[in-house]
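# Summary of structural features
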Amino acid sequence: MRILILGGIGEAVTLARTLAPVHAVTYSVAGKGRAPDLSCSVRSGGFGGSEGLALFLREQRIEQLIDATHPYAAQISRNAAHAARLAKVPLWAYRRPAWRPQPGDDWRFVADWTALMAALRKFQRPFFTIGLEPLRHWPDIPPGQHWLVRCLAAKAPATPHLTLLCVTGPFTLEQETALLRDSQIDALVAKNSGGGAVEAKLAAARFAGVPVVMLERPVLPTVEREFAAVEQLTMAL
Ligand code: NAP
């Protein structure tokens, strides 16, 4: 079968590795990071919206589209749903189960940036681990607040009220605990990315008694079949 996997997360790579020996698989990434080393065809870069993706599906005679993107990558998931309808290709999705708070966690869920800022009002030293968005909002840093922003790569804005930390994970519990302590963090801002183990930063926040302001997941489109485990999806093909 001719399959297009929209990827960008570890489980999508696993999916491609499992399906490639039996199917004609194309693995697609946005092109922001390093493309994975795969034996199947790897495509890097956007399609040009849902119309472009529909065109690709038709031209490549794709018979099965699989959305295995990150739960916060809502645009590409919306594009996939629209393109699948346009090109009349069945769409399945791997959707990572969300993490759930454990005893001792203090998670405060917020729906958007405005709610996030309101939730952070009484904190002085929040630590942002949600990608690049905080960098766009640095002029709004409230007086008396200092932001620590961790991301893969970015240019630091010209303000003494924000420290940029460009590093690639994963990080150990010891590293995260030391960072929270040494940077005197009083709130952690995170996404509920989900997946295997709860990230070390969330465990570190629990042990340190640091509240987590959790950006809620975007609502993703309905698909024909949805899987919470990669093995279930591969077995269904
Ligand atoms: P997004 O906002 O949903 O998508 C933005 C645009 O990037 C899409 O419209 C599409 O461009 C292109 N794109 C995204 N994923 C693609 C893919 N797999 N193949 C081809 N084009 C893709 O996505 P994002 O949040 O920037 O995430 C980009 C990638 O990083 C995704 O593959 C995602 O799985 C991965 N990722 C995201 C996060 C996160 O927190 N958002 C975390 C870890 C990994 P066109 O409209 O031109 O087709």
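Overview of the structure. Here the structure is a predicted model, which means the values were calculated and not measured. (Residues numbered from 1 in each chain as written. Predicted model: local features only at pLDDT ≥ 70, side-chain atom pairs only at ≥ 80, totals over all residues. Heavy atoms only, no water.)

Scanning the chain from terminus to terminus reveals 8 helices and 12 strands. Its C-alpha atoms give the chain a radius of gyration of 20 Å, within 12% of the compact-globule value 18 Å for 237 residues. Over its C-alpha atoms, taken along the principal directions, the chain stretches across nearly 55 × 35 × 30 Å. Buried positions account for 49% of the 237 residues belonging to the chain. Carbon and sulfur atoms provide 54% of the accessible area of the chain, an area that totals close to 12200 Å². Computed over 26 positive and 20 negative side-chain charges, the separation of the two mean positions in the chain equals 3 Å. (Helix = DSSP H or I, 4+ residues; strand = E, 2+ residues; numbered from the N terminus. Rg over C-alpha atoms; globule rule 2.2 N^0.38 Å. Buried < 20%, exposed > 50% of the residue type's maximum accessible area, 1.4 Å probe, protein only. Areas by Shrake-Rupley, 256 points an atom, 1.4 Å probe, with all protein chains shown as cover. Lys, Arg positive; Asp, Glu negative; His and termini not counted. Charge placed at Lys NZ, Arg CZ, Asp CG, Glu CD.)

Let's shift gears to the sheet that holds strand E12 (residues 225-227). Read across the sheet, 6 strands follow the order E3-E2-E1-E4-E5-E12 without closing on themselves; strand pairing throughout is parallel. Single-partner strands in this sheet number two, and they are strand E3 (41-44) and E12. The mean inter-strand angle of the sheet, taken between neighbouring strand axes irrespective of direction, is 20°. Direction of pairing for strand E1 (residues 2-6) relative to strand E4 (residues 64-67): parallel, over a ladder of 4 bridges. Paired with Ile5 across the two strands is Ile66, which belongs to E4. (Pairing = 2+ DSSP bridges. Axes fitted to C-alpha atoms, helices over the stretch in contact; angles between N-to-C directions.)

A word on the sheet that holds strand E11 (residues 212-215). Where strands meet in a sheet, backbone hydrogen bonds hold them as pairs that are either parallel or antiparallel. Strand order in the open sheet formed by 6 strands is E6-E11-E10-E7-E8-E9, and the pairing between neighbours is parallel. Looking along the sheet, the strands with just one partner apiece sit at the ends: strand E6 (107-110) and strand E9 (162-166). Each strand of the sheet is rotated relative to its neighbour by a mean of 20°, with strand direction disregarded. Pairing of strand E10 (residues 187-191) with E11, which is carried by 4 bridges, proceeds in the parallel orientation. Across the sheet, the residue bridging to Lys191 is Leu215, located in E11. Packing against the sheet, helix H6 (residues 173-182) makes contact with strand E7 (126-128), strand E8 (147-151) and E9, and its axis sits at approximately 155° to E8. Sheet strands in contact with helix H7 (residues 200-208) are E6, E8, E10 and E11, and its direction is about 150° off that of E10. (Contact = heavy atoms within 4.5 Å.)

Let us look at H7. Counting buried positions along H7 yields 7 of 9 residues, so the element is predominantly enclosed. The set of residues buried in H7 consists of Ala200, Lys201, Leu202, Ala203, Ala204, Ala205 and Arg206. Residues of H7 that are buried sit in contact with E6, E8, H6, E10 and E11. At the C-terminal side of H7, Gly209 shows a positive phi close to 70°.

Turning our attention to the site of the ligand. Around the ligand sit 21 residues, and of these Gly7, Ser28, Lys32, Phe47 and Lys191 come closest. Between Lys32 and the ligand, the recorded distance is 2.4 Å, taken from a side-chain N or O atom to an oxygen atom. At 2.9 Å, a backbone N or O of His70 approaches an oxygen atom of the ligand. Coverage of the ligand by the protein amounts to 74% of the 810 Å² it exposes when considered alone. Secondary structure elements with two or more residues in the shell around the ligand: strand E2 (24-29) and helix H3 (74-87). Here the shell around the ligand gets 4 residues from one element, more than from any other, and that element is H3. When grouped by side-chain class, the residues that make up the shell around the ligand number 8 nonpolar, 11 polar and 2 charged. (Near = heavy atom within 4 Å. Polar contact = N/O pair within 3.5 Å; in protein donor to acceptor, adjacent residues only side chain to side chain. Nonpolar A, V, L, I, M, F, W, Y, C, P; charged D, E, K, R; others polar.)

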